[in-house]
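Single-letter residue listing:
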Amino acid sequence: MTETIPQPRTEAAADHTEESAPESAKPGLLVLAPLRLEANAVRRGLTNPASRVLHTGMGATRARKSAGKSKPLTFGAMVVMGTAAGLSPDLSPGDLVVASEVTDGETTVALPGADLLAAELRRAGLTARAGRLITVQKLVKSAERLRLAADGYLAADMETAALLDAADGRPVAVIRAVSDAGFGPGMVGGGIAALRSLRKAAPVAEKWAAACRERTVLLAGPRSFCAGVERAIEIVERALEMRGAPVYVRKQIVHNTRVVSDLEERGAVFVDELDEVPDGATVVFSAHGVSPAVRDDASGRGLSVIDATCPLVSKVHAEARRFAREGYTVALIGHAGHEEVEGTLGEAPSSTVLVQTASDVAALNVEDPSKIAYLMQTTLAIDEAADVAGALRDKFPQMRAPGSDDICYATTNRQAAVRAVATEADLVLVAGSANSSNSVRLVERSERAGTPAHLIDGATDIDLSWLPGASVVGLTAGASAPPAVVSEIIAALSGLGTVTVTERVTTTESVQFGLPREVRPR
């Protein structure tokens, strides 16, 4: 898949002679600013000698002329920067609007990297939002502002739509600082605040330009939802459909902020402990499982329980109970505090001990070294788990192993896939939340392959400083991250230049798990 994103803008060339360095010496950022005050504010904030600012003039006529003169110039990326009228009532003077779409009422241009740039501005301490911008023919008055705001526009100016033509297929962005939200005594102060924000935004625009280039995105396959996650989410969705809101969920149903937020909007209520659930209410146990003590508490309070524990986690629980019944000490390889580990420890608390590292193994003493078995958290890194298991085997040669691998198929497959792309990539992005163990392991796996990697919940978490020099970006998603996030990341990267997407599939998955009887179709 290859996508080219053009970027428009409107304002005329009042004095291009202001910055007329030789073409070959200026491959960097070109800023088009309609007013001289705006151009001067931006210029004061720039730090790269290769960046240049052109004062284009006010209004659509000048903007069109300026775009025509700017198009042949040599530059790598273009940003339209200036002031604008704020339309949304929650915008204040000095706030920045990064255009996700620009229209003049006839032609509309989408700018897919707007959220990424707005997030970078916020990290720089500025108030910034991505949204729709409209270019108008004359200054908008109160009634018109209300109408445009009702149509979903954040800001209005008189030049951007025409100026965007100057990009001519090169990466382009639009940063407009709100100077006023209407006519009145605050206009002068608002203008000063807007110019101050433009100056502070200038180095961020340079950072954005430095990240712009053509890229290849290597998609790891498989990626995103596994069968256990899909099952858990469907259980909550069906419970809401069949029983109505609210449906309570103990802990996060899966470790992903996007999934949790989406289900909350539909009526799910996430709680840390059962004492937050009203007596007699419906409660769903998360995919990570719970201990018998939690089940007993729910039963004693008359809660209607729907168990969304992943079947592969349930398998580990069953093994813990079996080994304990047979008189074994169970060494559970996992991470302290993880919900899955807490549930497994609770299955046989007097017989189970947590070991996280080889050092823990060295310090481990058991009553009968011939009666020890080990189990694993299902979302561990393969290499990490193998090191600890190896240390256990060395110390306890008669140790029993689980009947089959505890690390789940999805964890294993995603780690193999990310390693395949990491060997070819300059940078790896892993879509997933910080509390997702399997997602964190993907970052670690990439780094062990020698490739820098970052965990991101979505495109707005991408730091532009990661991208200069990264012509090949590996992209994957943890087993609890929605597929839509991957698409959003690719779209955001396409706002920085043409993106070619290639998939590296190491295996295909066909695993499916059935639903519990409480939510099966009747």
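Below you will find a few notes about this structure. (Residues numbered from 1 in each chain as written. Predicted model: local features only at pLDDT ≥ 70, side-chain atom pairs only at ≥ 80, totals over all residues. Heavy atoms only, no water.)

Moving on, we get to helix α2 (residues 60–70). For α2, every residue scored as buried is listed here: Ala60, Ala63, Ser66, Ala67 and Ser70. When α2 is viewed along its axis, its buried side chains cluster within an angular range of 120° and face the same direction. Those residues of α2 that are exposed and angled more than 90 degrees off the buried face are Arg64, Lys65 and Lys69. Summarising the contacts, the buried residues of α2 are in contact with β2 (29–33), β3 (52–55) and α5 (160–163). (Buried < 20%, exposed > 50% of the residue type's maximum accessible area, 1.4 Å probe, protein only. Helix = DSSP H or I, 4+ residues; strand = E, 2+ residues; numbered from the N terminus. Arc of directions from axis to C-beta. Contact = heavy atoms within 4.5 Å.)

Per the counting criterion, the structure on display carries 30 salt bridges. Between aspartate 383 and arginine 445 there is a salt bridge whose closest N-O contact spans 2.9 Å. With a gap of 62 residues between them, aspartate 383 in helix α13 (residues 382–395) and arginine 445 in helix α15 (residues 437–448) connect regions that are remote in the sequence. (Salt bridge = Lys/Arg side-chain N within 4 Å of Asp/Glu carboxyl O.)

Together, Leu35, Met58 and Leu139 make up an exposed nonpolar region whose accessible area comes to about 270 Å². When you line up the elements, leucine 35 lands in the loop between β2 and α1 (36–45). (Patch = residues over 30% accessible without salt bridge, like charges linked within 9 Å, V, L, I, M, F, W, Y side chains within 5 Å. Areas by Shrake-Rupley, 256 points an atom, 1.4 Å probe, with all protein chains shown as cover.)

To continue, consider the pairing of β2. Counting buried positions over the five residues of β2 gives five, a clear majority of the element. Alternating residues of β2 divide into Leu29, Val31 and Ala33 and Leu30 and Leu32, and every residue in both groups is buried. Bridge count for β2 against strand β4 (residues 77–86) is four bridges, and the pairing is parallel. Directly across from leucine 29, in β4, lies its bridge partner alanine 77. In terms of strand pairing, β2 meets β3 through four bridges, oriented parallel. From the neighbouring strand, leucine 30 faces β3, where its bridge partner is arginine 52. What joins β2 to β3 is α1, and the crossover it makes is right-handed. (Pairing = 2+ DSSP bridges. Right-handed = clockwise from strand over helix to strand, strands pointing away.)

With that settled, consider the nonpolar core. Counting residues in each nonpolar core, the largest one holds 57 residues, and the members touching the most others are Met81, Leu121, Ile175, Trp208 and Ile489. Ranked by residue count, the leading element in this core is helix α6 (residues 187–211), at nine residues. (Core = buried A, V, L, I, M, F, W, Y, C linked by side-chain atoms within 4.5 Å.)

As a further point, take the layout of surface pockets. In this structure, the second largest pocket encloses a volume near 200 Å³. The wall of the second largest pocket is formed by 13 residues, among which Tyr374, Met376, Asp405, Asp406 and Ile407 lie closest to the centre. For the lining of the second largest pocket, the element with the most residues is α13, which contributes five residues. (1 Å grid on protein atoms, 1.4 Å probe; cavity = no way out; pocket = protein on both sides within 12 Å on 5 of 7 lines; lining within 4 Å. Points joined across faces, edges and corners; volume = space filled by probe spheres on them.)

Inspection of every chain in the model, using the stated rule, returns two cavities of 30 Å³ or more. The volume enclosed by the largest cavity comes to roughly 240 Å³. Along its surface, the largest cavity is lined by 20 residues, and Val229, His288, Thr378, Thr379 and Asn438 are the ones closest to its centre. Counting only elements with at least two residues in the lining of the largest cavity, the list comes to α7 (227–243) and α15.

Put simply, side chains in a regular strand alternate between the two faces of the sheet. The buried fraction of strand β10 (residues 215–221) is high, at six of seven residues. Relative to strand β21 (residues 499–505), β10 is paired through seven bridges, and the arrangement is parallel. Residue leucine 218 lies in a different strand from β21, and its bridge partner there is threonine 502. Direction of pairing for β10 relative to strand β20 (residues 472–477): parallel, over a ladder of four bridges. Residue pairing in the sheet places threonine 216 in a bridge with valine 472 of β20.

Before going further, it helps to examine the sheet that holds strand β16 (residues 352–355). Spatial strand order, β16-β15-β17: three strands in an open sheet with parallel pairing. Strands at the two margins of the open sheet, each flanked by one partner only, are β16 and β17 (372–376). With strand direction ignored, the average angle separating the axes of adjacent strands in the sheet is 30°. Pairing of strand β15 (residues 329–333) with β17 involves five bridges; the strand directions are parallel. Within the sheet, the bridge partner assigned to threonine 329 lies in β17 and is isoleucine 372. Helix-sheet contacts for helix α10 (residues 311–325) involve β15 and β17, and the interaxial angle to β17 is about 170°. (Axes fitted to C-alpha atoms, helices over the stretch in contact; angles between N-to-C directions.)

There is a patch of like positive charges on the surface, built from Arg44, Arg196, Arg199 and Lys200. Looking at which element gives the most residues to the positive patch, the answer is α6, with three residues. By the element assignment, arginine 196 lies in helix α6. Look at arginine 196 and you get partly exposed, because its relative accessible area is 41%. (Lys, Arg positive; Asp, Glu negative; His and termini not counted. Charge placed at Lys NZ, Arg CZ, Asp CG, Glu CD.)

Quick look at helix α8 (residues 257–266) now. Looking only at α8, the buried set comprises Val259, Val260 and Leu263. Taken down its axis, α8 places every buried residue within 95° of arc, on the same side. Buried residues along α8 sit in contact with α7 and β12 (268–271). The opening residue of α8 is asparagine 256, an N-cap whose side-chain oxygen sits 3.0 Å from the backbone nitrogen of arginine 258. Phi for glycine 267, located one or two positions after α8, is positive at around 120°. (Polar contact = N/O pair within 3.5 Å; in protein donor to acceptor, adjacent residues only side chain to side chain.)

When you line up the elements, proline 93 lands in the loop between β4 and β5 (96–103). For proline 93, a relative accessible area of 41% corresponds to the partly exposed category. Distance in space between the C-alpha atoms of proline 93 and valine 178 is 4.9 Å, their sequence separation being 85 residues. Excluding its chain neighbours within four sequence positions, the residues that come into contact with proline 93 are Val178, Ser179, Gly190 and Ala193.

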